[in-house]
Amino acid sequence: MSKYLKVSLLAMLAIAMIAGTAFAGTTSVNHLSAGANYSAALEAMGAARNVAIVGTTNASSLPTSKPIAYVLGQNLSSGNLIRMTLSGAAFKGGSAIYVCAINGGGTANIAIGSASPSANATTQSFQVGTIDAPAANVAGGNFVWFTDSADCDAAASNTFPVQLSARSSTGTATVSVDIITAGGITVDDASTATLANFAQEYSVALSSADTVTIDYLGTPGDGTRFIEDAPGGNTIAAPTANKIVITRTGYNLAAVASNATATQGGVNAGLAVNATVSFQDSASWAGINRVILMAANEIGTDPGACSNAAPSLASNSPSGTVSVAIPAARWAGATNLALTTCFQVTGSTNLATRTISGTYDINFGTGGVDTITAPSYATIQTWSLNGYQAIIPWLTLSSTVPTYCLVNNSNSASATMFMDVVTSDAAQTTTNVSLGDIAANTSLLLIFNDQGVQSQDAAGTTTTLNDLSAVSFTGSTSKRYSGKLTVAGNQNNVTMTCAQTDPVTGGKRPVPVLTGDTNVNGPQWKN
């Protein structure tokens, strides 16, 4: 029994080896260039789309010149079936598809079979020899190809119609070809090739963030202007307009670069609604009058030319999340749309440190697929200052709980001092309260008491700098407030420490001083 089984197994193995194929065929999709496949804009694929796969030439000698070809691994005989299977695509239907080959003399191309696939079908078999049986015997190593033209030798035979399926994600459609007998026995193994590549027609990118410097060291030294720097950074509009424009370039919404021709599918997806760029500001848009979006070709080389006039896209009096729409008319086929953003403030506004961030959303028209998910907000600009700024969180208009702050200015020039006052009732804010100057290389004692803000020099002379009478303390009984002190001097050469009188013990207790080099990432306790 044991010996009989061994002989049987060996016989079965030998039979299998004889029946197996020695070589496998190869499927090739050659759209416009050897080895290339059709690329379709995904956004235009909200519904199935009919396309024509086009070969490079009508040359008879190269499978790489044909839209879809199959290089035979075995001899092809009349009566065989050539089976084509599509994935992510379907036959268009409505017309016959022909199988072409070189005739026996090798001088012309001739149809050797055909079939009429049903619309939306994904598999079709073509019987060899139904048109020209003698030419249907094609030797292994040669190739056959597929076309919608009965005249395989004509230029029109260089196309293959196909329906690309509706897509909502990137990926590929494939085509597979194999050879079988009428009884379903495989003669030449299946080979799969990429038929089409589904790519997002538009992509978005945000280049690195700009750093904007609010100038407290130059003239007038009050934080109402920016320092000029390289192009694409900060510019000041016409001086007579008393406006400051901060520009941001680098919003690129790009078409499929390598497949931008109409025949390859990288066509405008039909942006029938709009695209939007949305902005957020950590300082709640304080001091910013407008957010303006303009295309580079509209402002030329001068980003300071941003304006609120057509054809700019503006958002006036911004608040909360600001979204600026880009209408379909701004999109020019498959070209990039490079945008510049301008943040416009009045020149008399004392500017605040902040982080401005942005994101995108692209809304396609009817039949399209919005596949570009809005990314997380990315930093577009950070506004920092070149002066010193600190927050004293606990101050009162009180004679019994005064606060003493020693400010040291080791700069070689005197520095102007300002203060923003935030009251405890309804968070009322009064900005740019003037506190005069602090001389170069000196210390000055600031006293916050019932007189407002006073100073005391080394000789003990006390002077009232501001009585805070312009500050509204309506409804407040404690007259408690916070102060943000700005010193228009190099921040590395200014320091401050504070102490407060304890109303119970009469001694001094430390008061925190919150400061940082930009205040963008939140103040730090540096006392």
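Up top is the structure.
Residues numbered from 1 in each chain as written. Predicted model: local features only at pLDDT ≥ 70, side-chain atom pairs only at ≥ 80, totals over all residues. Heavy atoms only, no water.

Colleague: Summarise the overall build of the chain; cite the residues concerned and give the values.
Modeller: Tallying secondary structure elements over the chain gives 2 helices and 37 strands in all. Out of the 527 residues belonging to the chain, those deemed buried represent 45%. Taking all contacts inside the chain whose residues are at least 6 apart in sequence as the whole, residues at least 24 apart take part in 72%. Total accessible area on the chain is roughly 22,800 Å²; 53% of this is exposed by carbon and sulfur atoms. (Helix = DSSP H or I, 4+ residues; strand = E, 2+ residues; numbered from the N terminus. Buried < 20%, exposed > 50% of the residue type's maximum accessible area, 1.4 Å probe, protein only. Contact = heavy atoms within 4.5 Å. Areas by Shrake-Rupley, 256 points an atom, 1.4 Å probe, with all protein chains shown as cover.)

Colleague: Explain the environment of Ala-286 residue by residue, including any values.
Modeller: Its location among the elements puts Ala-286 in the loop between β19 (274-281) and β20 (288-295). The spatial distance from the C-alpha of Ala-286 to the C-alpha of Thr-349 is 9.2 Å, given a sequence separation of 63 residues. Excluding its chain neighbours within four sequence positions, the residues that come into contact with Ala-286 are Asp-281 and Arg-354.

Colleague: Account for the nonpolar core, naming residues and giving values.
Modeller: In this structure, Met-84, Phe-146 and Leu-195 are the most contacted members of the largest nonpolar core, which totals 39 residues. With residues near it in sequence (within four places) discarded, Phe-146 still touches Pro-67, Ile-68, Ile-82, Met-84, Ile-97, Tyr-98, Val-99, Phe-126, Thr-159, Phe-160 and Val-177. Of all hydrophobic cores here, the second largest spans 28 residues; its members include Val-407, Leu-446, Val-453 and Val-511. (Core = buried A, V, L, I, M, F, W, Y, C linked by side-chain atoms within 4.5 Å.)

Colleague: Mind laying out the pattern of salt bridges, listing which residues take part and the relevant values?
Modeller: All told, the structure shown has 3 salt bridges when counted by the stated rule. In this structure, Arg-354 and Asp-281 form a salt bridge, with 2.6 Å as the shortest nitrogen-oxygen distance. Placement of the pair is Arg-354 in strand β24 (residues 354-363) and Asp-281 in strand β19, with a sequence separation of 73 residues. For Arg-354, a relative accessible area of 0% puts it in the buried group. The closest approach of N and O atoms between Lys-484 and Asp-420, which form a salt bridge, is 3.8 Å. A residue pair is termed long-range when its members are at least 10 positions apart, and Lys-484 in strand β33 (residues 480-487) and Asp-420 in strand β28 (residues 415-423) qualify at 64 residues. Overall, Asp-420 belongs to the buried group, its relative accessible area being 13%. (Salt bridge = Lys/Arg side-chain N within 4 Å of Asp/Glu carboxyl O.)

Colleague: Pulling in residues and values, what's your account of the pairing of strand β26 (residues 388-396)?
Modeller: For β26 and β33, the ladder comprises 7 bridges, and the chain directions are antiparallel. When the bridges of β33 are listed, Thr-396 appears paired with Arg-480. Two strands pair when backbone bridges link them, and β26 and strand β36 (residues 514-515) are joined in this way by 2 bridges, in the antiparallel orientation. Along β36, the bridge assignment pairs Ala-390 with Thr-515. (Pairing = 2+ DSSP bridges.)

Colleague: Kindly report on the environment of Ile-227, identifying the contributing residues and their values.
Modeller: Mapped onto the secondary structure, Ile-227 falls in the loop between β16 (225-226) and β17 (234-236). Accessibility expressed as a relative area gives 32% for Ile-227, which makes it partly exposed. Sequence spacing of Ile-227 and Asn-386 is 159 residues, and the spatial spacing of their C-alpha atoms is 9.5 Å.

Colleague: Would you mind going over the packing of aromatic side chains in detail, with residue names and values included?
Modeller: Applying the stated rule across the entire model yields 3 aromatic pairs. Here Phe-91 and Phe-160 contribute two aromatic rings whose centre-to-centre distance is 6.5 Å and whose plane-to-plane angle is 65°, an arrangement assigned as edge-to-face. Remark: Phe-160 occurs in strand β11 (residues 159-164) and Phe-91 occurs in the loop between β6 (89-90) and β7 (97-102); sequence separation between them is 69 residues. Taking the relative accessible area as the measure of exposure, Phe-91 reaches 2% and is therefore buried. Judged by relative accessible area, Phe-160 falls into the buried class, the value being 0%. Of note, Lys-66 hangs over the ring of Trp-145, and the distance from its end group to the ring centre comes to 4.2 Å. (Phe/Tyr/Trp six-rings, centres within 6.5 Å; stacked < 30°, edge-to-face > 60°. Lys NZ or Arg CZ within 6 Å of the ring centre and 35° of its normal.)

Colleague: Outline the sheet that holds strand β31 (residues 452-456), supporting the account with residue identities and numerical values.
Modeller: What links the strands of a sheet is backbone hydrogen bonding, and the strands pair in either a parallel or an antiparallel sense. Taken in spatial order, the 6 strands line up as β32-β31-β30-β27-β34-β35 in an open sheet, and their pairing is antiparallel. The open sheet has two free edges, formed respectively by β32 (462-466) and β35 (508-511), since each of these has just one partner strand. If you compare each strand with its neighbour and ignore which way they point, the axes differ by 30° on average. Across 7 bridges, strand β27 (residues 403-409) lies against strand β30 (residues 442-449) in antiparallel orientation. (Axes fitted to C-alpha atoms, helices over the stretch in contact; angles between N-to-C directions.)

Colleague: Residue-level account of the side chain of Asp-188, with values.
Modeller: With respect to the helices, strands and loops of the structure, Asp-188 is situated in strand β13 (residues 186-199). Of the polar contacts made by the side chain of Asp-188, one reaches the backbone nitrogen of Gly-25; its length is 3.0 Å. (Polar contact = N/O pair within 3.5 Å; in protein donor to acceptor, adjacent residues only side chain to side chain.)

Colleague: Which residues make up the state of the cysteines, and what values do they have?
Modeller: For the coordinates displayed, the defined rule picks out 2 disulfides. A sulfur-sulfur separation of 1.9 Å characterises the disulfide bridge that pairs Cys-100 with Cys-152. Disulfide Cys-100-Cys-152: torsion about the S-S bond near -70°, hence left-handed. Linking Cys-100 in strand β7 with Cys-152 in the loop between β10 (143-147) and β11, this pair joins segments that are 52 residues apart in sequence. (Disulfide = S-S within 2.5 Å.)

Keep in mind these values describe shape, not function.
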